[in-house]
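Summary of the model geometry
Below, each chain spelled out in residue letters.
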Amino acid sequence: MAGERQTDTDYVRPLRRIFMGVLVVALLAVFLVWRIDSPRIERFRMAVIDTVVPSFDWALAPLTQVTALLDDFRSYARIMEQNQQLRRELQQMRAWREAALQLEQRNAELLDLNQVRLDPQLTHVTGVVMADSGSPFRNSVLLNVGARDGLVDGWAVMDGLGLAGRIAGVGQRTARVVLLTDSASRVPVVIQPSGQRAMLSGDNSAFPLLDFIEDPDDLRPGDRVVSSDDGGVFPAGLLVGEVVMSRDRRLRVRLAADYGRLEFLRVLRSRPQETITSTGDLILPAGPDSQPEATDGANPTLPDNLAPDIAPPLAPVPDAARTDG
């Protein structure tokens with residue numbers, strides 16, 4: 001038994017040495033082949049890769065499956081996180097919806113109590129933003145509504161929340177909207193709560209300037225900016241944005257309209273206000289048919305529609321009608 005073990009050991013050791021030597025030589029040959037920079041060696045390398053690598057797809061299949069499983073797990077985790085976030089936002093939106101309904105009901109009650117009459121002519125038409133025709137020197141967009149929809153130059157354009165611009169160019173089926181950030185845009189605004197009037201001037205930046213302010217010291221960052229009806233350009237009270245202070249200490253406006261997501265725009269059909277050209281009946285114009293002025297302390301003669309509502313004096317009672325009672 002001891003002799004057989006010794007014989008096995010004598011055979012195994014040389015074979016092990018031969019195998020290690022062949023392995024080292026093969027590895028050195030592979031290293032040299034992969035390090036030699038020659039066109040023939042390069043073609044040989046490409047031939048070996050094309051022959052050997054496709055046959056190892058079965059070996060890479062488990063790794064591919066594990067990688068896909070990990071990607072699906074990460075995607076599922078992201079979906080779960082987004083689902084929880086959407087649930088929280090939905091709860092907040094429900095609370096805001098209830099608050100909005102209560103405010104709407106309260107507003108309707110106050111309007112009815114004060115007998116406020118809203119303008120029924122202020123309607124709107126919604127268009128889709130087809131393309132951005134802007135440039136570094138012009139900020140404008142194109143809508144798919146035009147003259148066939150009754151659009152007129154100068155009408156105000158809003159997105160879902162705030163004023164975005166005005167109509168400047170109407171075609172039969174399209175219209176161009178000049179945004180408030182355009183250098184050619186000038187919009188009269190009112191700053192609340194101070195009530196000061198100013199001019200919103202675009203300068204091709206995201207924050208237009210406030211010009212012609214009466215008293216800038218009364219303004220504070222965060223003040224609400226709404227449109228003014230000065231000049232009959234825009235309807236009054238449209239939300240524009242809020243006041244901010246720039247680094248150069250100039251007053252600008254952070255616009256309420258989201259210019260990064262202008263997909264739908266609402267064009268307000270604003271009608272011109274009725275102008276009063278005639279004088280009232282209380283002040284009579286001077287003319288030949290007018291009544292002469294009163295002289296010598298006499299009371300002037302008033303028209304019938306302006307005569308005072310005073311009862312005539314009582315007539316004297318005759319003596320025969322008097323009784324001792």
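Residues numbered from 1 in each chain as written. Predicted model: local features only at pLDDT ≥ 70, side-chain atom pairs only at ≥ 80, totals over all residues. Heavy atoms only, no water.

1. A short note on the overall build of the chain
From N to C terminus, the chain includes three helices and twelve strands. For the chain, with 325 residues in total, the buried portion stands at 21%. If you sum the accessible surface of the chain, you get close to 25400 Å²; carbon and sulfur atoms cover 56% of it. (Helix = DSSP H or I, 4+ residues; strand = E, 2+ residues; numbered from the N terminus. Buried < 20%, exposed > 50% of the residue type's maximum accessible area, 1.4 Å probe, protein only. Areas by Shrake-Rupley, 256 points an atom, 1.4 Å probe, with all protein chains shown as cover.)

2. Examining the pattern of salt bridges
Oppositely charged side chains can form a pair if their charged atoms are brought close together. Following the criterion strictly, the structure yields six salt bridges and no others. Between Asp71 and Arg74 there is a salt bridge; the shortest N-O distance is 3.1 Å. Of this pair, Asp71 and Arg74 both sit in helix α3 (residues 57–114), separated by three residues, roughly a single helical turn. For Asp71, a relative accessible area of 40% corresponds to the partly exposed category. For Arg74, a relative accessible area of 45% puts it in the partly exposed group. With a closest N to O distance of 3.8 Å, Arg148 and Asp149 form a salt bridge. (Salt bridge = Lys/Arg side-chain N within 4 Å of Asp/Glu carboxyl O.)

3. Overview of the side chain of Ser246
Take Ser246: it is sitting in the loop between β10 (239–245) and β11 (251–255). Judged by its relative accessible area of 17%, Ser246 is buried. In this structure the side chain of Ser246 is engaged in a polar contact, spanning 2.9 Å, whose partner is the backbone oxygen of Arg250. (Polar contact = N/O pair within 3.5 Å; in protein donor to acceptor, adjacent residues only side chain to side chain.)

4. Topic: the sheet that holds strand β2 (residues 140–143)
Ordered by their spatial adjacency, six strands build a closed barrel running β1-β2-β5-β4-β3-β12, and the pairing between neighbours is antiparallel. The mean inter-strand angle of the sheet, taken between neighbouring strand axes irrespective of direction, is 45 degrees. Direction of pairing for β2 relative to strand β5 (residues 175–179): antiparallel, over a ladder of four bridges. Opposite Leu142, over in β5, you have Arg176 as the bridge partner. (Pairing = 2+ DSSP bridges. Axes fitted to C-alpha atoms, helices over the stretch in contact; angles between N-to-C directions.)

5. Thoughts on the environment of Arg173
Position of Arg173 among the secondary structure elements: in the loop between β4 (163–170) and β5. Arg173 sits 25 residues away from Arg148 along the chain, and the two C-alpha atoms are 6.5 Å apart. Not counting residues within four places of it along the chain, the set of residues in contact with Arg173 comprises Leu143, Asn144, Val145, Gly146 and Arg148. (Contact = heavy atoms within 4.5 Å.)

6. Topic: the pairing of β4
Across three bridges, strand β3 (residues 156–158) lies against β4 in antiparallel orientation. Bridging from a neighbouring strand, Met158 pairs with Leu163 of β4. Remark: four residues form the turn of the hairpin made by β3 and β4, two consecutive strands paired antiparallel. Linking β4 to β5, which pair antiparallel, is a turn of four residues.

7. Overview of unusual backbone geometry
The peptide bond linking Gln192 to Pro193 adopts the cis configuration, its omega dihedral lying at 10 degrees. Tracing the backbone shows Pro193 in the loop between β6 (186–192) and β7 (196–201). Positive phi, close to 65 degrees, is recorded for Asn204, a residue that is not glycine. Relative to the assigned elements, Asn204 resides in the loop between β7 and β8 (209–211). For Arg249, which is not a glycine, the phi torsion comes out positive at approximately 65 degrees. By the element assignment, Arg249 lies in the loop between β10 and β11. Owing to a relative accessible area of 64%, Arg249 belongs among the exposed residues under this scheme.

8. Observations regarding the UniProt feature "coiled-coil region" (unreviewed entry) in the chain
Summarizing the sequence annotation, UniProt attributes the feature "coiled-coil region" (unreviewed entry) to residues 76–113 in the numbering used throughout. Along residues 76–113 one finds 100% helix and 0% strand; the C-alpha atoms at either end are 54 Å apart. (UniProt positions renumbered as here; feature names shortened; annotations may be inferred.)

9. Here's the deal with the nonpolar core
Formed by 21 residues in total, the largest nonpolar core has its most connected members in Leu163, Val189, Leu200, Leu210 and Val240. Mapped onto this core, the elements with two or more residues apiece are β3, β6, β7, β10 and β11. Each residue touching Leu210, except ones within four places of it in the same chain, is listed here: Val189, Ile191, Ala198, Met199, Leu200, Val243, Leu251, Arg252 and Val253. Membership of the second largest hydrophobic core comes to 17 residues, among which are Val129, Leu151, Ala164 and Ala257. (Core = buried A, V, L, I, M, F, W, Y, C linked by side-chain atoms within 4.5 Å.)

10. A look at the confidence of the model for the chain
Summarising the model, the chain shows a mean pLDDT of 78, and 74% of its residues fall at 70 or more. When pLDDT is averaged over each element of the chain, β11 comes out on top at 93 and helix α2 (residues 39–52) at the bottom at 74. Scored below 50 in pLDDT, residues 294–298 shows two contacts in the model against residues more than four places distant or in partner chains. Within the model, the stretch residues 320–325 combines pLDDT values under 50 with one contact to residues more than four positions away or in other chains. (pLDDT = per-residue confidence, 0-100.)

11. Side note on a nonpolar patch on the surface
Together, Phe19, Met20, Leu23 and Leu27 make up an exposed nonpolar region whose accessible area comes to about 420 Å². Mapped onto the elements, Met20 comes out in helix α1 (residues 2–35). (Patch = residues over 30% accessible without salt bridge, like charges linked within 9 Å, V, L, I, M, F, W, Y side chains within 5 Å.)

12. Let's talk about the pairing of strand β1 (residues 123–131)
Of the pairings in the sheet, the one linking β1 to strand β12 (residues 264–269) comprises six bridges and is antiparallel in character. Note on β12: the bridge partner recorded for Val128 is Phe264. The pairing of β1 with β2 spans two bridges and is antiparallel. Bridge pairing in β2 links Ala131 to Leu142.

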